[in-house]
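Summary of the model geometry
Here is what each chain is made of, one letter per residue.
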Amino acid sequence: MSKVIAINAGSSSLKFQLFEMPSENVITKGLVERIGLNDAVFTISVNGEKVTEITDIPEHGVAVKILLKKLIDLDIIQSFDEITGIGHRVVHGGEKFNDSVLITDEILGELEELSELAPLHNPANIVGIKAFKEILPSVPAVAVFDTAFHQSMPEKSFLYSLPYEYYEDYGIRKYGFHGTSHKYVSERAAELLGRPVEQLRLISCHLGNGASIAAIEGGKSIDTSMGFTPLAGVAMGTRSGNIDPALIPFIMEKTGKSADEVLEVLNKRSGILGVSGFSSDLRDIESAAKEGNERAELALEVFASRIHKYIGSYAARMYGVDAIIFTAGIGENSDVIRARVLQGLEFMGVYWDPALNKVRGKEAFINYPHSPVKVIIIPTNEEVMIARDVMKIAL
Ligand code: ADP
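To keep things clear, this report deals only with the structure shown in the data block. (Residues numbered from 1 in each chain as written. Predicted model: local features only at pLDDT ≥ 70, side-chain atom pairs only at ≥ 80, totals over all residues. Heavy atoms only, no water.)

Considerations on the packing of helix α11 (residues 294-317) against helix α13 (residues 335-342)
A pair of packed helices is characterised by two quantities: the angle between their axes and the separation of those axes. The N-to-C vectors of α11 and α13 enclose an angle of 50°; their axes lie 8 Å apart at closest approach. Here α13 runs oblique to α11, going by the angle between their axes. Between α11 and α13 lies a crossing of right-handed hand. For the pair α11 and α13, contact is made by Glu297, Leu300, Glu301, Phe303, Ala304, Ile307, His308 and Ile311 and by Val336, Ile337, Arg340 and Val341, respectively. Residues that form the contact of α11 with α13 fall into these classes: eight nonpolar, one polar and three charged. (Axes fitted to C-alpha atoms, helices over the stretch in contact; angles between N-to-C directions. Helix = DSSP H or I, 4+ residues; strand = E, 2+ residues; numbered from the N terminus. Parallel < 35°, antiparallel > 145°, perpendicular 65-115°, else oblique. Left-handed = near helix turned anticlockwise from the far one by under 90°. Contact = heavy atoms within 4.5 Å. Nonpolar A, V, L, I, M, F, W, Y, C, P; charged D, E, K, R; others polar.)

This is the structure in structure tokens:
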């Protein structure tokens, strides 16, 4: 029996889940928030109960020390030796990594080089890796990349129609993200459909605060909506998704903002928040729309209609589709968004049942039995994929 910890380190946070493997039982999970501040919040679940502590956590190394000490103090493990492997989520693996990899000093150097492509994410992931390496130097650690699953995209999908040398010289191309989630739900869909994934054409809609759609043919991602960065594709909680690129200098001129400031608007003040004008959280938008708030209604329409169009486009791309998958916070929970996304798709064989669509947060088919195209809700589980890859690669 092994105990594997899956880590997702952000710039001021660190999420963890401790698994017993190979059973995949979750022993405990939790998160540290507001790292770098003197009122950081440490939360851990013990036997289903949440324990919260507010304490001074100046940096990730301290967060890791507190986490490991807590595991012992709470009798979750008796000694650090029980942790047999660590899996780290790393956002960007560039073109170099099409699968998870054992982290060596050389690999760590390569991850640092990739920070140029993901300056908002990779540095934080690397800080997490180093913090664990310092405290548990002999425990094997594996990097699991958000981009890896999409490395199977053909050139016609990943290439931007820009001067070709930009791709050769600067690595400018579509990379795609949420790969671990798209991979998990596509494999799970194949199990639920009782068919080999190699025979399936799937459209996976990962709809959380960040959102992306993927076309998955024969178990391989062949196209996805996010791009060079996670800003592209559909509208999201606070991100704009695709816009006309000529708008950037136009907004700069009109508002006097710098390019970085406009990018900040596109990342943090657009999408559902930008259109509604009051919230990025879909629950707020749904209840306001119900009460007649027109901007909230518009935000729902903008969000759903982009996803609807991607489904049509990816069905065309694969010459058909066997199943549409909904996952992540909105995909798993919002019958309102699912209904608007699926509306009118009967022309391509999607017959969905409004009564079944009411389901929330659990695996379920929501299509009528006779529907040629199945529609499946699958709660995502990126952490278990990370733990599985640690077992596959390091143990
Ligand atoms: P992240 O990308 O940060 O992991 P999540 O996958 O947790 O995000 O998704 C967050 C989104 O899911 C929020 O917009 C939230 O409002 C939405 N959401 C969560 N539960 C519900 C619900 N019951 N109904 C509608 N939307 C929900």
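Side note on the nonpolar core
Counting residues in hydrophobic clusters, the biggest one holds 88 residues, and the most contacted among them are Leu14, Leu111, Leu207 and Ile324. The element best represented in this core is α11, accounting for ten residues. In contact with Leu111, not counting residues within four places along its chain, are Val90, Phe97, Asn122, Ile126, Ile129 and Phe145. (Core = buried A, V, L, I, M, F, W, Y, C linked by side-chain atoms within 4.5 Å. Buried < 20%, exposed > 50% of the residue type's maximum accessible area, 1.4 Å probe, protein only.)

Description of the sheet that holds strand β9 (residues 201-207)
The strands that make up a sheet pair up through hydrogen bonds in the backbone, lying either parallel or antiparallel. The mixed open sheet is built from six strands, whose spatial order is β11-β10-β9-β12-β14-β13. Two strands lie at the open edges of the sheet, namely β11 (220-224) and β13 (364-365), each paired on one side alone. With seven bridges joining them, β9 and strand β10 (residues 211-217) adopt antiparallel strand pairing. Across the sheet, Ile203 pairs through a bridge with Ala215, a residue of β10. Set on the sheet, helix α6 (residues 179-193) makes contact with β9, β10, β11, β12 (323-327), β13 and β14 (374-377); between it and β9 the angle comes to about 130°. (Pairing = 2+ DSSP bridges.)

Thoughts on the site of the ligand
Residues in close proximity to the ligand total 14 residues, the closest being Asn209, Asp281, Leu282, Arg283 and Gly329. Interatomic distance of 3.3 Å between a backbone N/O atom of Arg283 and an oxygen atom of the ligand. In this structure, a nitrogen atom belonging to the ligand sits 3.5 Å away from a side-chain N or O atom of Asn333. In the complex, the protein chains occlude 71% of the 580 Å² of accessible area that the ligand would expose alone. Secondary structure elements with two or more residues in the shell around the ligand: α10 (282-290) and α12 (328-333). In terms of residue count, the dominant contributor to the shell around the ligand is α12 (four residues). When its residues are assigned to classes, the shell around the ligand shows three nonpolar, seven polar and four charged. (Near = heavy atom within 4 Å. Polar contact = N/O pair within 3.5 Å; in protein donor to acceptor, adjacent residues only side chain to side chain. Areas by Shrake-Rupley, 256 points an atom, 1.4 Å probe, with all protein chains shown as cover.)

Topic: the packing of aromatic side chains
Tallied over the full model, the rule gives seven aromatic pairs. Between Tyr164 and Tyr167 the ring centres are 5.7 Å apart and the planes differ by 75°, which places this aromatic pair in the edge-to-face class. A residue pair is termed a helical-turn pair when its members lie 3 or 4 positions apart in one helix, as Tyr164 and Tyr167 do in helix α5 (residues 164-170) at three residues. Among the aromatic residues, those joined into a ring-pair cluster are Phe158, Tyr164 and Tyr167. Positioned over the ring face of Phe158 is Arg173, at 3.6 Å from the centre of the ring. (Phe/Tyr/Trp six-rings, centres within 6.5 Å; stacked < 30°, edge-to-face > 60°. Lys NZ or Arg CZ within 6 Å of the ring centre and 35° of its normal.)

Quick look at the layout of surface pockets
Within this model, the second largest pocket holds a volume of roughly 360 Å³. Around the second largest pocket, the lining is made up of 21 residues, and of these Asn98, Asp99, Ala148, Phe149 and Lys183 lie nearest the centre. Where the lining of the second largest pocket is concerned, the elements lending two or more residues are β8 (141-145), α6, β11 and α14 (382-394). Take the lining of the second largest pocket: its biggest share by element is five residues, from α6. A class-by-class count of the residues in the lining of the second largest pocket yields six nonpolar, nine polar and six charged. (1 Å grid on protein atoms, 1.4 Å probe; cavity = no way out; pocket = protein on both sides within 12 Å on 5 of 7 lines; lining within 4 Å. Points joined across faces, edges and corners; volume = space filled by probe spheres on them.)

Looking at the pairing of strand β3 (residues 25-33)
Two strands pair when backbone bridges link them, and strand β2 (residues 14-21) and β3 are joined in this way by seven bridges, in the antiparallel orientation. Note on β3: the bridge partner recorded for Phe19 is Val26. Hairpin connection from β2 to β3: three residues lie between these consecutive antiparallel strands, with Glu24 at a positive phi of about 70°. Sheet topology note: the β3/strand β4 (residues 40-46) ladder contains four bridges and is antiparallel. When the bridges of β4 are listed, Glu33 appears paired with Val41. Linking two consecutive strands that pair antiparallel, namely β3 and β4, is a turn of six residues; a positive phi of about 60° is found at Arg34 within it.

So, the pattern of salt bridges
Scanning all chains against the criterion turns up 21 salt bridges. Two residues, Glu112 and Lys130, come together in a salt bridge whose shortest N-O distance is 2.6 Å. Highlighted residues: Glu112 in helix α2 (residues 105-114) and Lys130 in helix α3 (residues 122-135), separated in sequence by 18 residues. Given a relative accessible area of 37%, Glu112 falls into the partly exposed group. Classification of Lys130 as partly exposed rests on a relative accessible area of 38%. (Salt bridge = Lys/Arg side-chain N within 4 Å of Asp/Glu carboxyl O.)

Quick word on α14
In a regular helix each residue adds 1.5 Å, so 13 residues correspond to 18 Å; α14 covers 18 Å between its end C-alpha atoms and thus fits that length. Looking only at α14, the buried set comprises Glu382, Val384, Met385, Ile386, Ala387, Asp389 and Val390. Tucked inside the fold, the buried residues of α14 contact β1 (2-9), β2, β6 (83-90), β8, α6 and β9. (Expected span 1.5 Å × (residues − 1).)

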